[in-house]
Amino acid sequence: MADGSRILVVDDEQEIRELLKSYLEREGYVVDTVKDGKTALFRVSNQDYNLVILDIMLPDTDGVEVCRTIREITNIPIIMLTARDSEVDKVLGLRIGADDYITKPFLPGELIARVKAQLRRFFVLGSEGDARSRKMVKFGDLKIDFDGYRVYKRNKEVQLTSTEFKILLLLAREPGKVFTKKQIFNKVWGDDYLEADNNVMVHIRRLRTKIEDDPKNPEFIETVWGIGYRFAGDEND
């Protein structure tokens, strides 16, 4: 998985940049580091990266804004770093396009595990499964290109993060089937689910704002109260 994977580390602390670079290069990743948001955006615009590790506190601009701009350019995984154990930071980062977050100080093993999980899902998504994962399917005015990793609403492409697409893929592959939050978390994040973790809820809410006409009265992703979520669309020819 590390072969050929290039990672951009964005942090204003030199010690953190060097530490992350050392950890990641030991795993075989190619690592570039920058200390500010402006340089990060230039790099992402001019270099192919497979993942970005982005500090939320930067000297020239807010990491959240950098994340938002990166997400307009590419759907590669973004892991946010924050020195504050703040739920507001985490939820805000997830809402504007981050795929995961980790709080400083962090354990090297935890960071590497999260990086590997994000890269694995990004590269492997859509490469396995039945024939359904290799074609374009239509549900009303929503089209999902499982092979091309794209989603269209009324023939206009919708920009989803890799995590949002993985959730949609999971649900849309089996319309009508109810998935619990634990099942979604285990399959999409690949980690053990904690009852207090609201990652699934935040990503479902954000996904609805992108594919539903009325996110409060969803047509496609329905909430099954007390259980989880299901995809309610009927596939068109």
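Look above for the structure.
Residues numbered from 1 in each chain as written. Predicted model: local features only at pLDDT ≥ 70, side-chain atom pairs only at ≥ 80, totals over all residues. Heavy atoms only, no water.

Draft legend 1. Structural detail: the sheet that holds strand β3 (residues 51-55). Spatially, β2-β1-β3-β4-β5 is the arrangement adopted by the five strands of the open sheet, whose pairing is parallel. The sheet terminates laterally at β2 (30-34) and β5 (100-103), the two strands that pair on one side only. Sheet twist, expressed as the average angle between the axes of neighbouring strands with direction ignored, equals 20°. This element, helix α1 (residues 14-26), spans β1 (6-10), β2, β3 and β4 (78-82) of the sheet and lies at about 170° to β2. (Pairing = 2+ DSSP bridges. Helix = DSSP H or I, 4+ residues; strand = E, 2+ residues; numbered from the N terminus. Axes fitted to C-alpha atoms, helices over the stretch in contact; angles between N-to-C directions. Contact = heavy atoms within 4.5 Å.)

Draft legend 2. Main features of the pattern of salt bridges. Applying the stated criterion to the full structure yields 20 salt bridges. A salt bridge links R114 to D100; its shortest N-O distance comes to 2.8 Å. A residue pair is termed long-range when its members are at least 10 positions apart, and R114 in helix α5 (residues 108-124) and D100 in strand β5 qualify at 14 residues. (Salt bridge = Lys/Arg side-chain N within 4 Å of Asp/Glu carboxyl O.)

Draft legend 3. Local environment of the side chain of R17. Relative to the elements of secondary structure, R17 occurs in helix α1. D11 provides the closest opposite charge to the buried, salt-bridge-free R17, at an N-O distance of 5.7 Å. Discounting residues that sit within four places of it in the chain, R17 has contacts with V9, D11, D12, T33, V34 and K35. (Buried < 20%, exposed > 50% of the residue type's maximum accessible area, 1.4 Å probe, protein only. Lys, Arg positive; Asp, Glu negative; His and termini not counted.)

Draft legend 4. Molecular detail of the packing of aromatic side chains. With the rule as written, the count across this model stands at three aromatic pairs. Judged by centre distance (5.0 Å) and plane angle (10°), the rings of F185 and W189 are stacked. Across the pair, exposure class does not vary: F185 and W189 are buried alike. When the ring of F220 is compared with that of F231, the centres are 5.8 Å apart and the planes differ by 20°; the resulting orientation is stacked. Of this pair, F220 sits in the loop between α8 (199-211) and β11 (221-224) while F231 is found in strand β12 (residues 228-231), placing the two residues 11 residues apart along the sequence. With a relative accessible area of 1%, F220 lands in the buried category. Look at F231 and you get buried, because its relative accessible area is 0%. Within the aromatic cluster, the residues linked to one another by ring pairs are F139, F220 and F231. We note K143 situated over the ring of Y152; from NZ or CZ to the ring centre the distance is 5.7 Å. (Phe/Tyr/Trp six-rings, centres within 6.5 Å; stacked < 30°, edge-to-face > 60°. Lys NZ or Arg CZ within 6 Å of the ring centre and 35° of its normal.)

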